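One letter stands for each residue in the lines below.
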Amino acid sequence: MNTLSYKGYIGSVNFSEQDNVFFGKLEGVNALVNFEGESVSELTKAFHEAVDDYLEYCKEEGVEPHKSYSGELSIRISPEVHCRIAAMAKKAGMSINAFIRTAVEKQMAAMM
């Protein structure tokens, strides 16, 4: 999926060939916030306006705006892999959470 980011928020990006328009929605918030544009620059501008409008709405209503992602992630893995991770984490003197976080951060750094 293609995305845009602004002020810590993520917006999905899609294209409707039938309507000849780019469109998306603000992801990870407890609200339906859509945006669209006929070009990439129009879409980007509409996304920024949608985020700003969402933040203004939250301020006016006294609602705490939600960031797109909390930093908590739940994954499903096989029991065998879970066991191997636990053993490797123990050997490294780390918690399973710290071991996985470190592995993901290293993988992300390698991909950049």
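Up top is the structure.
Note that the coordinates shown come from a computational prediction; the quantities given were computed from them, not determined experimentally.

(A) Broad picture of the overall build of the protein chain. In terms of regular secondary structure, the protein chain is built from 3 helices and 4 strands. Secondary structure elements of the protein chain occur, N-terminal to C-terminal, as β-β-β-β-α-α-α. The C-alpha atoms of the protein chain give 19 Å as radius of gyration, which overshoots the globular expectation for 112 residues (13 Å, by more than 25%). Sorting the 112 residues of the protein chain into buried and exposed places 23% on the buried side. Partitioning the intrachain contacts of the protein chain with sequence separation of at least 6 by distance along the chain shows that 32% fall at a separation of at least 24. Accessible surface computed for the protein chain: about 8700 Å², of which carbon and sulfur atoms make up 53%. Distance between charge centroids for the protein chain: 19 Å, based on 11 positive and 16 negative side chains.

(B) Focus on the pairing of strand β4 (residues 34-37). With burial as the criterion, only one face of β4 is covered, namely that bearing Phe 35 and Gly 37; the residues Asn 34 and Glu 36 on the opposite face remain uncovered. With 4 bridges joining them, strand β3 (residues 21-27) and β4 adopt antiparallel strand pairing. Residue pairing for β4: Phe 23 is matched across the bridge by Glu 36. Counting the residues between successive antiparallel strands, the hairpin from β3 to β4 contains 6 residues, one of them, Gly 28, with a positive phi of roughly 75 degrees.

(C) Structural detail: the side chain of Glu 27. By secondary structure assignment, the location of Glu 27 is in strand β3. In this structure the side chain of Glu 27 is engaged in a polar contact, spanning 3.1 Å, whose partner is the side chain of Ser 12.

(D) View of the sheet that holds strand β1 (residues 2-6). In spatial order, the strands read β1-β2-β3-β4; together these 4 strands make up an open sheet with antiparallel pairing. If you trace the sheet from one side to the other, it starts and ends with β1 and β4, each paired once. Strand-to-strand twist in this sheet, taken as the mean axis angle between neighbours without regard to direction, amounts to 30 degrees. Packing against the sheet, helix α1 (residues 40-61) makes contact with β1, β2 (9-16), β3 and β4, and its axis sits at approximately 155 degrees to β4.

(E) Focus on the pattern of salt bridges. This structure, assessed with the given rule, holds 3 salt bridges. Here Lys 7 and Asp 52 are joined by a salt bridge, their closest N and O atoms 2.8 Å apart. Taken together, the residues Lys 7 in the loop between β1 and β2 and Asp 52 in helix α1 connect sequence positions 45 residues apart. What makes Lys 7 partly exposed here is its relative accessible area of 45%. Classification of Asp 52 by relative accessible area gives partly exposed; the value is 29%.

(F) Spotlight on the environment of Glu 38. With respect to the helices and strands, Glu 38 occurs in the loop between β4 and α1. Relative accessible area serves as the criterion here: at 62%, Glu 38 is assigned to the exposed category. Beyond its immediate stretch of four places on either side in the chain, Glu 38 contacts Asn 20, Val 21 and Phe 22.

(G) Main features of a nonpolar patch on the surface. A surface patch of nonpolar side chains, amounting to about 380 Å² of accessible area, comprises Leu 73, Ile 75, Ile 77 and Val 81. By the element assignment, Ile 75 lies in the loop between α1 and α2 (79-92). For Ile 75, a relative accessible area of 48% puts it in the partly exposed group.

Calculation notes
- Residues numbered from 1 in each chain as written.
- Predicted model: local features only at pLDDT ≥ 70, side-chain atom pairs only at ≥ 80, totals over all residues.
- Heavy atoms only, no water.
- Helix = DSSP H or I, 4+ residues; strand = E, 2+ residues; numbered from the N terminus.
- Rg over C-alpha atoms; globule rule 2.2 N^0.38 Å.
- Buried < 20%, exposed > 50% of the residue type's maximum accessible area, 1.4 Å probe, protein only.
- Contact = heavy atoms within 4.5 Å.
- Areas by Shrake-Rupley, 256 points an atom, 1.4 Å probe, with all protein chains shown as cover.
- Lys, Arg positive; Asp, Glu negative; His and termini not counted.
- Charge placed at Lys NZ, Arg CZ, Asp CG, Glu CD.
- Pairing = 2+ DSSP bridges.
- Polar contact = N/O pair within 3.5 Å; in protein donor to acceptor, adjacent residues only side chain to side chain.
- Axes fitted to C-alpha atoms, helices over the stretch in contact; angles between N-to-C directions.
- Salt bridge = Lys/Arg side-chain N within 4 Å of Asp/Glu carboxyl O.
- Patch = residues over 30% accessible without salt bridge, like charges linked within 9 Å, V, L, I, M, F, W, Y side chains within 5 Å.

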